[in-house]
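Now for the letters of each chain:
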Amino acid sequence: GQLSINTSTATCGGGTPGENWEIQNGALDICFHPAHASIIDMYPAGTTDNFVDQTQTSGGVPKGFYMGNSGFGSVTGVPGYELTDKYLDWWVTYPSSATNAFTYSEHWIVTPNDFGIHVYFVVDHAATDITGSIGQVQWIFRLDQNKFNNLYMTNEDLSNPGPVMIGPMPSY
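Attention in this report is confined to the structure presented alongside it.

Reading the values: rules and limits
Residues numbered from 1 in each chain as written. Predicted model: local features only at pLDDT ≥ 70, side-chain atom pairs only at ≥ 80, totals over all residues. Heavy atoms only, no water. Helix = DSSP H or I, 4+ residues; strand = E, 2+ residues; numbered from the N terminus. Contact = heavy atoms within 4.5 Å. Areas by Shrake-Rupley, 256 points an atom, 1.4 Å probe, with all protein chains shown as cover. Phe/Tyr/Trp six-rings, centres within 6.5 Å; stacked < 30°, edge-to-face > 60°. Buried < 20%, exposed > 50% of the residue type's maximum accessible area, 1.4 Å probe, protein only. Pairing = 2+ DSSP bridges. Axes fitted to C-alpha atoms, helices over the stretch in contact; angles between N-to-C directions. Polar contact = N/O pair within 3.5 Å; in protein donor to acceptor, adjacent residues only side chain to side chain. Disulfide = S-S within 2.5 Å. Core = buried A, V, L, I, M, F, W, Y, C linked by side-chain atoms within 4.5 Å.

1. Digging into the overall build of the protein chain
At step 1: Broken down by element type, the protein chain carries 0 helices and 14 strands.
At step 2: A separation of at least 24 residues holds for 42% of the contacts in the protein chain among residues at least 6 apart in sequence.
At step 3: For the protein chain, the exposed area adds up to about 9,500 Å²; of that, 52% sits on carbon and sulfur atoms.

2. Details of the packing of aromatic side chains
At step 1: Applying the stated criterion to the full structure yields 13 aromatic pairs.
At step 2: Between the aromatic rings of W21 and F32, the centroid separation amounts to 5.9 Å while the plane-to-plane angle is 50°, which identifies the pairing as tilted. You can see W21 sitting in strand β2 (residues 21-24) and its partner F32 sitting in strand β3 (residues 28-33), a full 11 residues away along the chain. One exposure class covers both W21 and F32, and it is buried.
At step 3: One aromatic cluster in this structure is built from W21, F32, F65, Y81, W90, W108, W139 and F141.

3. Some details on the sheet that holds strand β10 (residues 103-110)
At step 1: The strand order β8-β9-β10-β11 describes an open sheet built from 4 strands, whose pairing is antiparallel. Single-partner strands in this sheet number two, and they are β8 (78-83) and β11 (118-124). Averaged over all adjacent pairs, the angle separating strand axes in this sheet is 20°, with direction ignored.
At step 2: Pairing of β10 with β11, which is carried by 7 bridges, proceeds in the antiparallel orientation. Paired with I109 across the strands is H118, a residue of β11.

4. Notes on the side chain of T93
At step 1: Mapped onto the secondary structure, T93 falls in strand β9 (residues 88-94).
At step 2: A polar contact is formed between the side chain of T93 and the side chain of S105, at a distance of 2.6 Å.
At step 3: The residues touching T93, leaving out its near neighbours within four places in the chain, are T76, G77, V78, T103, Y104 and S105.

5. Section: the state of the cysteines
Two cysteines joined by a covalent bond between their sulfur atoms form a disulfide.
At step 1: Taken as a whole, this structure holds 1 disulfide when the rule is applied.
At step 2: Between the sulfur atoms of C12 and its disulfide mate C31 the distance is 2.3 Å. Its S-S torsion of about 80° marks the bond between C12 and C31 as right-handed, since a negative value means left-handed. One end of the pair, C12, is in the loop between β1 (4-6) and β2; the other, C31, is in strand β3, with 19 residues separating them in the sequence.

6. Section: unusual backbone geometry
Of all residues except glycine, most have a negative phi; of all peptide bonds, most are trans.
At step 1: Look at A37: it is not a glycine, yet its phi comes out positive at around 50°.
At step 2: When its relative accessible area of 1% is taken as the criterion, A37 is described as buried.
At step 3: We note that N113 has phi near 60°; this positive angle belongs to a residue other than glycine.
At step 4: With respect to the secondary-structure elements, N113 resides in the loop between β10 and β11.

7. Quick look at the nonpolar core
At step 1: Counting 24 residues, the largest nonpolar core has I30, F32, I39, W90 and I117 as its most contacted members.
At step 2: Within the residue set of this core, elements represented by two or more residues are β2, β3, β4 (38-44), β9 and β10.
At step 3: Not counting the four nearest positions on each side in its chain, F32 is found in contact with N20, W21, I23, A37, S38, I39, W90, V92 and W108.

Listed below in structure tokens is the structure:
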């Protein structure tokens, strides 16, 4: 599958042209909302079977797949991407400032024909930045609970090692 990203004319997620980014890797069609740094729609290629929960929203768009961080200041993110023939890495970087002690970037990566979305987080604290601490960094993926109604976790925290299966999930 061909990797592609449309940052200027995409209308996915019901947005106006350029509001959202449309990303394709041959296996997934992804709609990314840079203003909230979140994946708001995600379909297996060629289907209309959206994986993202559309019922929980923020700012008029689904919360979707995003980072729920604490301990960082409030600054405007700057989106970017790198597209090669082997991967697409896209991100939103939040620069350090008078109210944000860290420069940090949230990254998502897809590769051709892979149903996985790979994520990583980069943080930098310069000697000239204000003092601060990081409370927590976590990735949250709000799936459509009608499609994903079981949960399997393994080693989810230090106090609960080993596999755990929960399901079916409660309805809300």
